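# Descriptive analysis of the structure
Each chain, letter by letter, is given below.
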Amino acid sequence: MEKRTLLAIVISIAILLLWNFFFIEPKSPEQPQGQITQTEQREPREQSTVLQVPSQGQDQARQTVSGEAIVVETPRYRAQWSTAGGALTSVQLKEYRENLAPDSPAVETIETPMPMVSVNDQPVDSSIVYEASKRGDSDIPEELIFSAQVSPGITLKKIYTIDPQTYTMGYRTAVENSTSNPVTADVDLYLNGVYPLDEDKDGYAFQGPVLLNGKHLEEFKISKVKKVGVYREFTGEIKWFGFEDKYFLSTIIPAGSPETTLTIKRISEEMVRLTYDTEPFRIEPGSSVERSYEIFSGPKELQTLKSAGNDLRKALYFGFFDIIAKPLLMAMNWIYSFTMSYGWSIIILTIIIKILLYPLTLKSFTSMKGLQKVQPLMKELQAKYKEDKQKLNQEMMKLYKDHKINPMGGCLPMLLQIPILFALYKVFYQAIELRHTPFHLFGTWLPDLSARDPYFITPILMGLSQFVMQKMTPTPGDPTQQKIMLIMPVFFTVLFLRFPSGLVLYWLISNILSIAQQAYINRKLT
């Protein structure tokens, strides 16, 4: 019974890993009843004129005018703006490359200009050329200002504040009224993300729109945003919103996080839009009104997100096992601060985990050894009471009690280790710290700990260690079960061929330590 339970657990783990890797997509939160609200019709205050801007016709997603490029390089990124629309058109992260090729370009985090502005529901940026405070390739300016007249006597400004040491920059919109009458304006922000309907996105590592609504992280599968039109509206304290993929995040952070509405909308077969709807404001003659934000476009690296504040750390989410995965990631990063190698950090972390779990391992092996010793007595009872299942169960329980054996003692400790396994799987698959991080081990070069071993050496070594460990484990007397258990190393080897090499390295080292522990325990119990 012990071995059957163990076999069921092992097969269950394998099925869960396969299901997670090939089929599970990030869960999209269900819309609570009544959360979708209609935007109220806002009436302008008396004695003010609603700002009139030229109609742009249909909702335009791309620029219809050309402009001049303005480039600013900081130690962390190369940013480019265009006077057409006055928005960021490119952010290239200098510390991250697209692939492992020596001439690989820097990672690009922006696919369409951001952020864009609409005035009174008109996306004006698509047809406006702004005047810029800097031209061409510029030294790192304290501020970069884009100005344009959107209506007679009304000037719209976009003001970017550059921080060369971080991935965050300040952003403000300002509307100046040079007319002799008060004006009411409704200036909203929106972002466009390129998500073609016919493109298959990686379902395991989330990609798509993301926002923090109060304390709740909301992620939306693009496969659900299929129809052109409004998909979802969120009303509340929107702390930040944007688009993310497996490793990178581009987001807008409103100052103060006022109560507002964020709309997720597919505007075409190619694009999805996030619109941040703000309250209209009144501008007196000769004055201006500003709204402040921050822009973050960078890696989903835990310390970087923490340093950026605004609860951006919540964008790094490892799913159901997040509460275990984040401490493991922090521990791995702490070890890295001493070793300066994530490969050795994984090995040392594995050793620490095995030491902490040794009492459970000892309990498991002791229980399995005890069951092995009473196997002949169990067979006698099974033969004697094969026609009386109730009596057989009573005698079996008495046998366990007399020999002080817990029939589940060998399995329960393993069950307690399963959450750690899944948490590590998520960390090794999603943590940017391991992306393109190499490690040399056992004569092979692992070029990327977040990707599979290109030479399949570590999975094969892991399979061999699994076989040795299996041979050392107390086995049942049933020949059929013995053969099934011997097949498991082959099954796990095939399963791990596609897994991140960092996870395979963890499992390999864990197996080697388990072999050493088991040899010690076997001598101790003999």
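Quick caveat, the model's predicted, so the values are computed rather than measured.

Of the two faces of strand β6 (residues 116–119), the one holding Met 116 and Ser 118 and the one holding Val 117 and Val 119 are both buried throughout. Bridging between β6 and strand β13 (residues 187–194) involves 4 bridges; their strand directions are antiparallel. Of the residues in β13, the one forming a bridge with Val 117 is Leu 189.

Looking now at the pattern of salt bridges. Across all of its chains, the model carries 14 salt bridges by this definition. For Arg 135, the salt bridge is made with Glu 131, and the minimal N-O distance between the two is 3.2 Å. According to the relative accessible area criterion, Arg 135 is partly exposed, its value standing at 41%. Judged by its relative accessible area of 53%, Glu 131 falls in the exposed class. Among the salt bridges present, the one from Asp 311 reaches Lys 239, with a minimum N-O distance of 3.3 Å. In this pair, Asp 311 sits in the loop between α2 (302–308) and α3 (322–339) while Lys 239 sits in strand β16 (residues 229–244), placing the two residues 72 residues apart along the sequence. The class for Asp 311 is partly exposed, based on a relative accessible area of 22%. If you follow the salt bridges from partner to partner, you end up with Glu 68, Glu 131 and Arg 135 in one network.

Where helix α5 (residues 358–373) contacts helix α6 (residues 375–384), the two axes come as close as 4 Å, and the packing angle between them is 55°. Taken together, the axes of α5 and α6 lie oblique to each other. Contacts between α5 and α6 pair Leu 371, Gln 372 and Lys 373 from the former with Gln 375, Pro 376 and Met 378 from the latter. For the contact of α5 with α6, the per-class residue count stands at 3 nonpolar, 2 polar and 1 charged.

This part covers the packing of aromatic side chains. For the coordinates displayed, the defined rule picks out 25 aromatic pairs. Taken together, a centroid distance of 5.6 Å and an interplanar angle of 40° make the contact between Tyr 195 and Phe 243 tilted. Note that Tyr 195 is positioned in the loop between β13 and β14 (208–213) and Phe 243 in strand β16, a separation of 48 residues in sequence. A relative accessible area of 12% means that Phe 243 is categorised as buried. Between the aromatic rings of Phe 496 and Trp 507, the centroid separation amounts to 5.0 Å while the plane-to-plane angle is 65°, which identifies the pairing as edge-to-face. Taken as a pair, Phe 496 in helix α10 (residues 479–496) and Trp 507 in helix α11 (residues 501–525) lie far apart in primary sequence, 11 residues in all. Site record: aromatic cluster; members linked through ring pairs are Trp 81, Phe 146, Tyr 160, Tyr 171, Phe 241, Tyr 276 and Tyr 293.

Okay, the confidence of the model for the chain next. A residue-level look at the chain finds 82% of positions with pLDDT of 70 or above and a mean pLDDT of 81. Here residues 21–46 is a poorly scored stretch, pLDDT under 50, and it has 49 contacts once near neighbours within four places are set aside; other chains count.

Below, the discussion takes up the nonpolar core. Ranked by internal contacts, the top residues of the largest apolar core, which has 111 residues, are Trp 81, Leu 88, Tyr 160, Phe 241, Met 332, Leu 424 and Phe 428. With 10 residues, the next largest nonpolar core counts Leu 381, Met 396, Leu 399 and Ile 405 among its residues.

With that out of the way, let us pick up a nonpolar patch on the surface. Where nonpolar side chains cluster on the molecular surface, the patch consists of Phe 442, Phe 456, Ile 460, Leu 461, Leu 464 and Ile 512 and spans about 510 Å² of accessible area. Of the residues forming the nonpolar patch, the biggest block, 3 residues, is contributed by helix α9 (residues 457–472). One can find Leu 464 in helix α9.

For the peptide bond that leads from Met 114 to Pro 115, omega is -15°, which places it in the cis range. The topology assignment puts Pro 115 in the loop between β5 (106–108) and β6. At Met 340, a position not held by glycine, the phi torsion is positive, near 55°. Mapped onto the fold, Met 340 is located in the loop between α3 and α4 (342–356). Judged by relative accessible area, which is 56%, Met 340 ranks as exposed. Although it is not a glycine, Phe 456 sits at a positive phi angle of roughly 60°. Classification of Phe 456 by relative accessible area gives partly exposed; the value is 31%.

Here is what the cut-offs are and how they apply
- Residues numbered from 1 in each chain as written.
- Predicted model: local features only at pLDDT ≥ 70, side-chain atom pairs only at ≥ 80, totals over all residues.
- Heavy atoms only, no water.
- Buried < 20%, exposed > 50% of the residue type's maximum accessible area, 1.4 Å probe, protein only.
- Helix = DSSP H or I, 4+ residues; strand = E, 2+ residues; numbered from the N terminus.
- Pairing = 2+ DSSP bridges.
- Salt bridge = Lys/Arg side-chain N within 4 Å of Asp/Glu carboxyl O.
- Axes fitted to C-alpha atoms, helices over the stretch in contact; angles between N-to-C directions.
- Parallel < 35°, antiparallel > 145°, perpendicular 65-115°, else oblique.
- Contact = heavy atoms within 4.5 Å.
- Nonpolar A, V, L, I, M, F, W, Y, C, P; charged D, E, K, R; others polar.
- Phe/Tyr/Trp six-rings, centres within 6.5 Å; stacked < 30°, edge-to-face > 60°.
- pLDDT = per-residue confidence, 0-100.
- Core = buried A, V, L, I, M, F, W, Y, C linked by side-chain atoms within 4.5 Å.
- Patch = residues over 30% accessible without salt bridge, like charges linked within 9 Å, V, L, I, M, F, W, Y side chains within 5 Å.
- Areas by Shrake-Rupley, 256 points an atom, 1.4 Å probe, with all protein chains shown as cover.

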